[in-house]
Amino acid sequence: MSQSVVMPDRLTSLENPPASLSWLMWLLGAMLFLIGFFHRIAFGVMAEPLTIEFGLTATTLGTLASFYYYSYVVMQVPVGVMADRFGPRKLLTTGAIIAAIGTAIFALAPNYWVISFGRLLIGGSVAVAFVTMMKIALHWFDLKRFALLVGLGLLSGNLGAVVAGAPLQQMIELIGWRYVMLGFAGITGVLALATGIWLRDDPTDLGYKSYGHEHDETQPKQSIFADLKEAITYRTVFLLTLACGASAGSMLTFGGLWGVPFLKVAYGFTTSEAALITTVTLLVWAGSGVLLGHWSDASGKRKLPFTVLALIAALGWFVVTQIPDLPIVVLGLGLLTAATGSCVMIVGLSWAKEAVPARLQGTSLGWCNTGVMIGPMVLQPLAGILIDLNWSGATEAGQRVYDVSAFEAGFIPMIVWLVVAAVLVLFAEEKQNPFK
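Here is a short report on the structure shown in this document. (Residues numbered from 1 in each chain as written. Predicted model: local features only at pLDDT ≥ 70, side-chain atom pairs only at ≥ 80, totals over all residues. Heavy atoms only, no water.)

## Regarding the packing of aromatic side chains
Two aromatic rings, taken as a pair, are described by how far apart their centres are and by the angle between their planes. In total, this model carries 22 aromatic pairs according to the counting rule given. Ring centres of Trp 23 and Phe 141 lie 4.8 Å apart, and the angle between their planes is 65 degrees; this geometry places the pair in the edge-to-face category. In this pair, Trp 23 is assigned in helix H2 (residues 19-41) and Phe 141 in the loop between helix H7 (128-140) and helix H8 (146-163), connecting sequence segments 118 residues apart. Judged by its relative accessible area of 29%, Trp 23 falls in the partly exposed class. On the basis of relative accessible area, Phe 141 is assigned to the buried category, the value being 4%. Taken together, a centroid distance of 5.4 Å and an interplanar angle of 75 degrees make the contact between Phe 67 and Tyr 70 edge-to-face. Of this pair, Phe 67 and Tyr 70 both sit in helix H4 (residues 58-86), three residues apart, which is roughly one turn of that helix. When the ring centre of Trp 391 is taken as reference, the NZ or CZ atom of Arg 400 above it lies at 4.0 Å. (Phe/Tyr/Trp six-rings, centres within 6.5 Å; stacked < 30°, edge-to-face > 60°. Helix = DSSP H or I, 4+ residues; strand = E, 2+ residues; numbered from the N terminus. Buried < 20%, exposed > 50% of the residue type's maximum accessible area, 1.4 Å probe, protein only. Lys NZ or Arg CZ within 6 Å of the ring centre and 35° of its normal.)

Shown next as structure tokens:
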């Protein structure tokens, strides 16, 4: 009887895990990323009730939205190091628990400072999701699928963006934003429990062969700060950290906060209509990322698609935000173009991982994803400041009313950053045949 129990373990240790099991592990990370993405995008819909309840200006609204990114960015690189050293299971479980607490604080906040603290907790805790999801992918899937999995990860996040669009607007109208956020606190708590029970860091924990690269055990481990320093000294990692901020920064500045009020003012859409438009734009962004990741994996090309698509994104956002009174068809085509180009972060994340030794992959992903989040962290409040600086002085019911020209000024920095990103990556090193 003892042999009949031991032998299957020995046999399965020579085999990779079944696909269904690999996807289950990856989806546990993807679910927290989905919830985190919901929180990023929800401000575009919640802007009006939050502005009314807490008496916000464009500057204070943009700052409140950015509290998520302040803590997210601070946590991102340490998360990459911790993912390398401690594994995804502990990080994802702890992150989900803290995210649930932060969401509850946000929902119950009596004033601006408490709601900011809740937003800060949410951002810092869901910061574990993306890097650990990618770390799971490195161990549970073939490396040749990595960019595709990055794209699917973005797609999973955008399912959260879908909920944060028109469905969120309807829920807010039905039960109010506070009860909606309390519901998400409960959902996040359940996810924490499921992650703690089911997630495993590596297939070998369940008796299967791992896809992960084994580190050189004879090489002494460095300190966390030494790992951080070594990873960022790779020129490609440094340049991609700067460049990737333009990709997510432009999309999340428009789709996650300022797109809804801009579309209402510039084209007379209702909040629900504007939320639906931004949701579709985010879905195009995610879907384009999946296709780009698949093509980039198959071709092994990184520099060319990044450069071209960054310029395409800049052109698309220029048309949408700087040319007034577009026909609706042209507006839609401009948004589709901007969203398609803005998915270049998918290439950047795969590229950064290829630029370093295996033991620094999580750290390099952390650096690059830090750049991704620096984008909206900088651009969302900067847009708010520029919108306030270009405010005409008009008010309605005690609240500031902004015209189209104010929004146009607010969107200029994200267009400039995309052009700069296209130039930066020209100086990055592209590994030939990265899968060989």
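## Topic: helix H14 (residues 303-322)
The end-to-end C-alpha separation of H14 is 28 Å, in line with the 28 Å expected for 20 residues at 1.5 Å each. Taken together, the buried positions of H14 are Pro 305, Phe 306, Thr 307, Leu 309, Ala 310, Ala 313, Ala 314, Gly 316, Trp 317, Val 320, Thr 321 and Gln 322. (Expected span 1.5 Å × (residues − 1).)

## Here's the deal with the side chain of Thr 93
Inspection of the secondary structure puts Thr 93 in helix H5 (residues 88-108). Polar side-chain contacts of Thr 93 include one of 2.9 Å to the backbone oxygen of Arg 89. In this view, Thr 93 contacts Ala 192, Thr 195 and Gly 196; residues no more than four positions away in its chain are not counted. (Polar contact = N/O pair within 3.5 Å; in protein donor to acceptor, adjacent residues only side chain to side chain. Contact = heavy atoms within 4.5 Å.)

## Re the side chain of Glu 354
Here Glu 354 is to be found in helix H16 (residues 345-354). What makes Glu 354 buried here is its relative accessible area of 13%. At 2.4 Å, the side chain of Glu 354 forms a polar contact with the side chain of Arg 302.

## Digging into the nonpolar core
Among the nonpolar cores identified, the biggest contains 130 residues, and Met 46, Trp 285, Phe 306 and Trp 317 are the most heavily contacted of them. Looking at this core element by element, the count peaks at 16 residues for helix H12 (residues 235-267). Setting aside its immediate chain neighbours within four residues, Met 46 contacts Phe 106, Leu 168, Ile 172, Trp 177 and Met 181. (Core = buried A, V, L, I, M, F, W, Y, C linked by side-chain atoms within 4.5 Å.)

## As for the pattern of salt bridges
Using the criterion set out here, one finds five salt bridges in the structure. With its nearest N and O atoms 3.2 Å apart, the salt bridge here joins Glu 48 to Lys 264. Highlighted residues: Glu 48 in helix H3 (residues 43-54) and Lys 264 in helix H12, separated in sequence by 216 residues. With a shortest N-O distance of 2.4 Å, Arg 302 and Glu 354 are connected by a salt bridge. In this pair, Arg 302 sits in the loop between helix H13 (271-299) and H14 while Glu 354 sits in helix H16, placing the two residues 52 residues apart along the sequence. Both residues of the pair, Arg 302 and Glu 354, count as buried. (Salt bridge = Lys/Arg side-chain N within 4 Å of Asp/Glu carboxyl O.)

Spatial relationships are all this shows, so hold off on functional conclusions.
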